[in-house]
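# Examination of the molecular architecture
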Amino acid sequence: MTVRLSAPQLAPRIARRWLAEGTGPGHRRIGGSLLFADISGYTRLSERLAGRGRAGAEEAVTLIGGVLSAVTEAVESRGGDVLTFAGDAVIALFEGQDAPDSAGRAVDSAAAIRRWFDERARDTTTVGRVTLRAAVSVATGAIDLVLVGEDEMGLFVTGPTTTELVMLERAAGGGEVVIGPRTARAIGGIRRPVARGEGTLLPRTHSLMADLAAHEPELRDVDPPVDPRLIPTPMRAALAAGGLALESDHRLATMAFVVAGGIDARIAAAPAAVAAELDVLHRLVSSTAARHRVTLLGTDVTADGVALFLAAGAPVATGNDEERMLRTLRAVMSDPIAERLQLRAGTNRGPVFAGIVGHRDRATYSAMGDTTNLAARLAFRAQPGELLTTS
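To keep things clear, this report deals only with the structure shown in the data block. (Residues numbered from 1 in each chain as written. Predicted model: local features only at pLDDT ≥ 70, side-chain atom pairs only at ≥ 80, totals over all residues. Heavy atoms only, no water.)

## Thoughts on the pattern of salt bridges
Two side chains bearing opposite charge may form a pair once their charged atoms approach each other closely. What the rule picks out here adds up to 17 salt bridges. We note a salt bridge from Arg-105 to Asp-101, for which the minimum N-O separation is 3.1 Å. Taken together, the residues Arg-105 and Asp-101, both in helix α4 (residues 99-120) and 4 residues apart, mark about one turn of the helix. The class for Arg-105 is buried, based on a relative accessible area of 7%. A cluster of three or more residues bridged by salt bridges with shared partners is formed by Glu-150, Asp-279 and Arg-283. (Salt bridge = Lys/Arg side-chain N within 4 Å of Asp/Glu carboxyl O. Helix = DSSP H or I, 4+ residues; strand = E, 2+ residues; numbered from the N terminus. Buried < 20%, exposed > 50% of the residue type's maximum accessible area, 1.4 Å probe, protein only.)

## Side note on empty space enclosed by the protein
In this structure the tally under the stated criterion is 2 cavities of 30 Å³ or more. Approximately 420 Å³ is the volume found for the largest cavity. Lining the largest cavity are 28 residues, with Leu-10, Leu-230, Leu-297, Gly-298 and Thr-299 sitting closest to its centre. Only β3 (81-86), β8 (153-158), β14 (295-302) and β17 (363-368) provide two or more residues apiece to the lining of the largest cavity. If you tally residues by element for the lining of the largest cavity, the top one is β14, at 5 residues. In the lining of the largest cavity, the residues fall into 17 nonpolar, 7 polar and 4 charged. A volume near 40 Å³ is recorded for the second largest cavity. As for the second largest cavity, its lining consists of Leu-83, Thr-84, Leu-155, Phe-156, Val-157, Thr-299, Asp-300 and Val-301. If you list the elements that add at least two residues to the lining of the second largest cavity, you get β3, β8 and β14. Residues belonging to the lining of the second largest cavity are distributed by class as follows: 5 nonpolar, 2 polar and 1 charged. (1 Å grid on protein atoms, 1.4 Å probe; cavity = no way out; pocket = protein on both sides within 12 Å on 5 of 7 lines; lining within 4 Å. Points joined across faces, edges and corners; volume = space filled by probe spheres on them. Nonpolar A, V, L, I, M, F, W, Y, C, P; charged D, E, K, R; others polar.)

## Digging into unusual backbone geometry
For the bond running from Ala-314 to Pro-315, omega is 5°, close enough to zero to count as cis. Even without being glycine, Arg-293 reaches a positive phi, approximately 60°. For Gln-342, which is not a glycine, the phi torsion comes out positive at approximately 50°. Under the relative-accessibility criterion, Gln-342 is labelled partly exposed at 36%.

Structure below.
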């Protein structure tokens, strides 16, 4: 199935504004709230649909497109900014030094996402009934953003508030919203709180805001255009021709994650120095990947660090995908920056669903499924300096 994508959908608004201001890459610490929505149940369904060929791919696109559109709409309609689509997850930012405002909008978005899944995320497909769930977390505080790269750029979301967000999401079960202590205080507290890890369950009695129009992003139509450097290199030629058209399908691909650790304490003390190191890392991964015809799909969040997401064989089939990816990772892990940033990596090859996912206002090209999930687990299981790979 071919889906067309326009450039403004491919990058978060904050990165677009950042570059339009002409200040260049670097570090910013802003006040606000982060939302993490992790969708479960889709991977198994996608693998079952893979047996139906093109028809199955089209059904998968329709299903995940509807789900992510609903999640993105819940974010965008409340003034949020989707920073990244990380596999089956969405990470969003609600800017604002006024904690009650940003927290209120983020929590309201989380409640709207949960309600949508409660009401709509059960459906009958050609391979049987499916039930999808979302585990959602919200954290409020100072958020560290690092814009990095040169010819190919990326945005890292890191720091203690991001770590809190990730840990809260890990404590959330399917269908649950878990909010951090600062978020709970900002919205006026939770009556009869139920603990989940270091956070608190958001009650299902939480009332949605009555007036959503007040939280629509201002001047959305005149937001800065996307700088081509924010778009993965393999996609730029298609965009230059008037719009990105990529096949969404089930395919074999080699997926990998590179994870840097030990960031929180260092970025609190010396943000400029850490930002410079992350810039070196992103440039290294980007250039090495390009040399071996591997695609740097984007960045991901993790506790006390950052992650980069790579694919060989998607969106472009290159042949020898395993070798290309292993050469890329070996070169990255052999660089002096690897020790300073406690780099570790994991890679895996197998079937993925690769395609355009998202919403009319914000979308991306990604590759999802157990193959991607296992690559991520390997990367996070590895010790600093290790590259773990399946057979």
